[in-house]
Amino acid sequence: MAKVVKFGGSSLASAEQFKKVGDIIRADKDRRYVVPSAPGKRYKEDTKVTDMLYGCYALAEKDMDFSNELSAIRERYEEIISGLNLKLSLDREFDAIAKNFTDKAGSDYAASRGEYLNGIVMAEYLGFEFIDAASVIFFDDEGAFDADKTNNILGSRLSECENAVIPGFYGSYCDGRVKTFSRGGSDVTGSIVAKAVKADVYENWTDVSGFLIADPRIIDNPQGIDTITYKELRELSYMGASVLHEDAIFPVRKEGIPINIRNTNMPEDNGTWIVGSTCQKSRYVITGIAGKKGFCAINIEKDMMNSEIGFGRKVLQVFEENDISFEHVPSGIDTMTVFVHQDEFADKEQKVVAGINRSCSPDSIDIESDLALIAVVGRGMKSARGTAGRIFSALAHSKINVKMIDQGSSELNIIIGVTNDDFEDAIKAIYDIFVLTRL
């Protein structure tokens, strides 16, 4: 077997955390390919190394002295190296970083050095081969990830290695310049490596024991999710659930490689398995609840709307012309409602209203703001009768007015609209009826 293991910044923030990671990797000989993040926070008030690098490079861009800031970053790594009793010097690497900062190599280069340096330390600590991600992960001239080139070169390179460390978060353009993924991109690197080596499992180690049914900031000690499908995860991630970078799903999903989210500080926990499909039933009818605040609804009414060909297209075209994406479009015979992000819409609302009036001649347009959307997701909802009724019952019992409900044909999720003020209470009510009381 071959396992790819990715460790987040909190898992590598100190020498003590490095030792935990080393124990995890050495406990299973199948954990052959390691993808490290940059060191994260050691304590609440601490600063992540990536943020330190951004700040340091900002001074360099202004031709200001950045030596003290770079020395502080160097101290973070020397503290880890000393704590691990390694005979490793990063003098050459920091000399190169100082020169490239002075030459203004770019913020992507600056941000990537956290993973790069941590990869060198990790490889030395484990006795694995170090492979610079810039030599095996590629982007095209427009900055789009080049999946085919990367898979071919990375797969060929790793086939020659029994064990290797590949830093997360970055790759390179064709001309060799460093290019990073978005923040959290080490998850993506791990997925790319897993695909390239045709791994049996992609283990993503972080500071939580997998996904939770609901946000722990809203629900006290919510239950964990044992197994979740890619489709369910996509729905929950879209609505704000964030443990894994959502772009990390696609490379392994196509290959049928399962992802196992694990806790570095509690390695005995099984965590959450993310799979393409499963015959395993959820412990509850629902798999998870997630949501976001800050939406508004544009309600459009027109008699005989349903018989007017192209009405919906003309409405949505107005939003497209104003660079506004829509979230949901529930409709009736003579009504159509478009949900959008309020911060995207606020400055353009009158342009949109005028555009809809010109192109569609509606009878009325009404705008409602300060709304929240909640997704109730679960593969078990297909076979469970009365799921929507139970949701409505729970919300009614908590005196919460439902502004919108939308269910896809897959029966995988139900989207509920409520006011921002009712958001937390709505999630508590739904969690209570499906998990706590199971009525």
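As shown above, the structure is provided for reference.
Residues numbered from 1 in each chain as written. Predicted model: local features only at pLDDT ≥ 70, side-chain atom pairs only at ≥ 80, totals over all residues. Heavy atoms only, no water.

Caption draft 1: The pairing of strand β2 (residues 31–36), seen in detail. Most of β2 sits out of view: six of its six residues are buried. Across five bridges, the pairing between strand β1 (residues 3–7) and β2 is parallel. Within β2, the residue paired with F7 across the bridge is P36. Each parallel crossover has a hand, and the one from β1 via helix α1 (residues 15–26) to β2 is right-handed. Examined bridge by bridge, β2 and strand β4 (residues 164–165) share two bridges and lie parallel to one another. In the sheet register, Y33 faces β4, and the bridge partner there is A164. (Buried < 20%, exposed > 50% of the residue type's maximum accessible area, 1.4 Å probe, protein only. Helix = DSSP H or I, 4+ residues; strand = E, 2+ residues; numbered from the N terminus. Pairing = 2+ DSSP bridges. Right-handed = clockwise from strand over helix to strand, strands pointing away.)

Caption draft 2: Broad picture of the sheet that holds β2. Taking strand neighbours across the sheet as the criterion, the eight strands line up as β3-β4-β2-β1-β7-β9-β10-β8 in an open arrangement whose pairing is mixed. Both outer strands of the open sheet, β3 (129–130) and β8 (227–229), are each paired with one neighbouring strand and no more. Those strands touched by helix α8 (residues 230–238) are β8, β9 (259–263) and β10 (272–275), and its axis lies near 85 degrees from that of β8. (Contact = heavy atoms within 4.5 Å. Axes fitted to C-alpha atoms, helices over the stretch in contact; angles between N-to-C directions.)

Caption draft 3: The sheet that holds strand β12 (residues 326–328), seen in detail. The sheet built from six strands is open, its strands ordered β12-β13-β11-β14-β16-β15 with antiparallel pairing. Two strands close off the open sheet at either side, each with one partner strand: β12 and β15 (404–407). Adjacent strand axes in the sheet meet at a mean angle of 40 degrees when their direction is disregarded. Here β15 runs beside strand β16 (residues 413–419); their pairing, made up of four bridges, is antiparallel. Along β16, the bridge assignment pairs M404 with G417. Along the sheet face, helix α13 (residues 387–397) touches β14 (364–377), β15 and β16 and points at about 20 degrees away from the line of β16.

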